[in-house]
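Structure at a glance
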Amino acid sequence: MTNVVLVGTLDTKGVEYGWLRERLLRAGVEVITVDTGIMGEPRIPAQVPREAVARAAGTELAQLRAAADRGAAVTTMAEGAEATLLRLHAEGRLHGVLAIGGSGGTSIATRAMRALPLGVPKLMVSSMASGDVAPYVGSADITMMYSVVDIAGINSVSAPVLANAVQAIAGMAKGYARASLRRRRPARLGAGSRPLVAASMAGVTTVGVDAARERLTELGYEVLVFHATGSGGRTLEKLAGQGIFAGVLDLTLSELADDLCGGILTAGPDRLSAAGRAGVPQVVSLGALDMVKFGPLESLPERVRYRRIRVHNPSITVIRTTAAESAELGRRVAGKLRAATGPTAVCVPLRGLSTLGAPGGPYHDPGADRAMFTALRDGLRGSAARLHDYDTHINDPSFGRAAAERLHALIGAERAVA
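Okay, so let's go over this structure. The numbers attached to residues start from 1 for each chain and follow its sequence in the written order. Local features in this predicted model are restricted to residues of pLDDT 70 or higher, and side-chain atom pairs are both shown and tallied only at a pLDDT of 80 or more, whereas totals for entire chains, interfaces and linings draw on every residue. No hydrogens and no water enter the side-chain calculation; it runs on all heavy atoms of the structure.

A look at the overall build of the chain
- Only DSSP runs of H or I covering at least 4 residues are called helices, and only runs of E covering at least 2 are called strands; the numbering of each starts at the N terminus. Summing up its helical and strand segments, the chain has 14 helices and 14 strands in all.
- Across its three principal axes, the chain shows a C-alpha extent of roughly 70 × 55 × 40 Å.
- Each of the 418 residues in the chain was classed as buried or not, and the buried ones make up 51%.
- If you take every contact in the chain between residues at least 6 apart in sequence, the share linking residues at least 24 apart comes to 71%.
- All accessible-area figures derive from a Shrake-Rupley calculation using a 1.4 Å probe, and residue coverage is judged against the displayed protein chains alone. Of the roughly 17,500 Å² that the chain leaves accessible, carbon and sulfur atoms contribute 52%.
- Counted charges follow a simple rule, with Lys and Arg positive, Asp and Glu negative, and His plus the chain ends left uncounted. Taken as the charge centre is NZ of Lys, CZ of Arg, CG of Asp or CD of Glu, depending on the residue. Taking the 47 positively charged and 38 negatively charged side chains of the chain as two groups, their mean positions are separated by 4 Å. For each residue, the accessible area found with a 1.4 Å probe, counting protein chains only, is set against the maximum for its type, and the residue is called buried under 20%, exposed over 50%, and partly exposed in between. Here a residue-residue contact requires only that any non-hydrogen atoms of the pair lie within 4.5 Å.

Pasting the structure below:
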């Protein structure tokens, strides 16, 4: 049996959810409805009524109604929906989840979706899906589908959009259910025969990271590469904190430069923290800390227009970090690595941190790089982290292979102790 969970407000969107339910049943899947509505009466029955959702969040529906605080109610019902979906998944009764809504409905449903494991099908049809969806998706594998029109009745525009959503989630859920049945348990990341290693990469560090990835594969690891775009770094941090990685090869830290200088691809202040907190062996380098990424050239802030500028593509413009910024980045990296509880090594490519910063490149600036290296060394002095210099640039394949082998040695030493 394949179950698709419909989660949403069955008072304001009851007609639409009823339409989805009927078509999902026709598509050959069973349906569990979870009602997150509060004020009006539900238009269709729910297998998990709103009262149960509120209790899953530790409160009563009557209290939410009496408070008459919509923001607080949305937050509470989102918490209850999260607990409900996690319970259904643990019971083996959730093979996919579908939701529809505007800003409130999307906020409730996607919080619950984000809590589900990677690989569980998650589809959100939303009027918010044509804008910035980062607050809704976060680091989860949520599929966002734009509703085109507001979800208010079934009409000639909404019907084909919602019909596509039904077929999509039905197909994904059936595939997930079959895979789970073969395994006799829900699919779990990191359950394969090869240990998982995380690696960070950007376009300007691809050659070096690819060499490291190939070497780690030869050594028997499965390597998951995360693109340093903000969301990539956040996802790496989230998974590293869950303890699924045997090691982390963090050769690309450009998101830290964006965080310091106001770039658009920051992963937030907690980047480069989770592996250290979890005691996961890590090898770190300074890839792409010689640049900060902004949007299109015409959107470049006035405060940086005098800097060394390069158009990376029509959507991304990069500037070179200064010596002062580079020194601060060295201090920040050192501070994070000093706090690591697991084996940590830092590999420093003395001849450049990216394709642009290699000798002959437009961002080659030995003085700024030296400021970073000096601050890093000073900050790591007396710590357990080990610093290793390499007389090459980060994209020399020999550097990538050396970093990979160093991580392999750290993982081996950690397992020998355990």
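Here the narrative resumes.
Some details on the sheet that holds strand β5 (residues 143-146)
- Paired strands are those between which DSSP finds at least two bridges. Across the sheet, five strands lie side by side as β2-β1-β3-β4-β5; this open sheet has parallel pairing. The outermost strands of the open sheet, each flanked by one partner alone, are β2 (30-35) and β5. Here the average twist between neighbouring strands, direction ignored, is 20 degrees.
- Two strands pair when backbone bridges link them, and strand β3 (residues 96-101) and strand β4 (residues 122-126) are joined in this way by five bridges, in the parallel orientation. Helix axes use the C-alpha atoms of the stretch in contact, all axes being lines fitted to C-alpha atoms, and the angles between their N-to-C directions lie in the range 0 to 180 degrees.

Examining the nonpolar core
- Core analysis: the biggest nonpolar cluster contains 57 residues, and Leu20, Leu24 and Leu98 have the highest contact counts within it.
- Broken down by element, this core gets its largest block of residues, eight residues, from helix α7 (residues 158-183).
- Not counting residues within four places of it along the chain, the set of residues in contact with Leu24 comprises Val4, Leu6, Val29, Val31, Leu98, Val166, Ile169 and Ala170.
- To qualify as a nonpolar core, a set must consist of buried Ala, Val, Leu, Ile, Met, Phe, Trp, Tyr and Cys residues joined through side-chain atoms within 4.5 Å. Leu286, Leu300, Leu329 and Leu380 belong to the second largest nonpolar core, which has 25 residues in total.

So, the pattern of salt bridges
- We count a salt bridge whenever a side-chain nitrogen from Lys or Arg sits within 4 Å of a carboxyl oxygen from Asp or Glu. In total, this model carries 24 salt bridges according to the counting rule given.
- Between Arg308 and Asp365 there is a salt bridge, and its shortest N-O distance comes to 2.8 Å. Placement of the pair is Arg308 in the loop between β10 (291-294) and β11 (309-313) and Asp365 in the loop between β13 (344-349) and α13 (366-380), with a sequence separation of 57 residues.
- Asp365 sits in the partly exposed class, given a relative accessible area of 21%.
- One salt-bridge network, held together by shared partners, links Glu237, Asp250, Glu255 and Arg271.

Quick notes on the environment of Val207
- Structurally, Val207 is set in helix α8 (residues 206-218).
- When the C-alpha positions of Val207 and Ser354 are compared, they lie 9.6 Å apart, and in sequence the two are 147 residues distant.
- Other than its neighbours up to four places away in sequence, Val207 contacts Asn395 and Pro397.

Topic: the pairing of β2
- The buried count for β2 comes to five of six residues, which makes it a mostly enclosed element.
- By the bridge criterion, six bridges tie strand β1 (residues 3-8) to β2 in an arrangement that is parallel. Bridged to Leu6 within β2 is Thr33.

Structural notes on the packing of aromatic side chains
- Whether two aromatic rings pair depends on their centres lying within 6.5 Å, for rings of Phe, Tyr and Trp, where Trp uses its six-membered ring; planes under 30 degrees apart make the pair stacked, over 60 edge-to-face, and the rest tilted. Tallied over the entire structure, the rule returns two aromatic pairs.
- Between Phe226 and Phe245 the ring centres are 6.2 Å apart and the planes differ by 75 degrees, which places this aromatic pair in the edge-to-face class. Taken as a pair, Phe226 in strand β7 (residues 222-227) and Phe245 in the loop between α9 (231-241) and β8 (247-252) lie far apart in primary sequence, 19 residues in all. An identical accessibility class is assigned to Phe226 and Phe245; each is buried.

Here we look at helix α10 (residues 254-261)
- Within α10, six of the eight residues are buried, which leaves the element mostly enclosed by the surrounding structure.
- For α10, the full list of buried residues reads Ser254, Glu255, Leu256, Ala257, Asp258 and Cys261.
- Buried residues along α10 sit in contact with β7, α9, β8, β9 (282-287), β10 and α12 (323-338).
- Gly262 sits one or two positions beyond α10 and adopts a positive phi of about 80 degrees.

Re the sheet that holds β13
- Spatial ordering of the open sheet is given by β7-β6-β8-β9-β13-β14, a layout of six strands whose pairing is parallel. The strands lining the two open edges of the sheet, one partner per strand, are β7 and β14 (386-390). Neighbour to neighbour, the strand axes of the sheet diverge by 20 degrees on average, direction disregarded.
- Across three bridges, the pairing between β9 and β13 is parallel. Along β13, the bridge assignment pairs Val283 with Ala345.
- Across the sheet, α13 touches β9, β13 and β14, and the angle it forms with β13 is around 160 degrees.

A few points about a nonpolar patch on the surface
- Here a patch means residues that are over 30% exposed by relative accessible area and free of salt bridges, tied together within 9 Å if like-charged and within 5 Å if nonpolar (Val, Leu, Ile, Met, Phe, Trp, Tyr). The grouping of Tyr146, Val148 and Val157 at the surface amounts to a nonpolar patch, some 240 Å² of accessible area in total.
- In this fold, Val157 is placed in the loop between β5 and α7.
- Residue classification places Val157 among the partly exposed positions, given a relative accessible area of 33%.

A closer look at the environment of Val31
- Inspection of the secondary structure puts Val31 in strand β2.
- Along the primary structure Val31 and Gly287 are separated by 256 residues, whereas in three dimensions their C-alpha atoms are 48 Å apart.
- Once residues lying within four places of it in the same chain are set aside, the contact partners of Val31 are Val4, Leu6, Arg21, Leu24, Leu25 and Gln47.

Some words on the packing of α12 against α13
- The N-to-C vectors of α12 and α13 enclose an angle of 25 degrees; their axes lie 7 Å apart at closest approach. Here α12 is positioned roughly parallel relative to α13, judged by the angle of their axes. The element α12 and its partner α13 pack so that their crossing is right-handed. Judged by residue contacts, Ala323, Ser326, Ala327, Gly330, Arg331, Val333, Ala334, Leu337 and Arg338 of α12 engage Ala368, Ala371, Met372, Ala375, Leu376, Gly379 and Leu380 from α13. Our angle categories are set so that under 35 degrees counts as roughly parallel, over 145 as roughly antiparallel, 65 to 115 as roughly perpendicular, and the remainder as oblique. Handedness of a crossing follows from how the near helix is turned relative to the far one, being left-handed for an anticlockwise turn of less than a right angle and right-handed for a clockwise one.

Coordinates in, geometry out; function isn't part of it.
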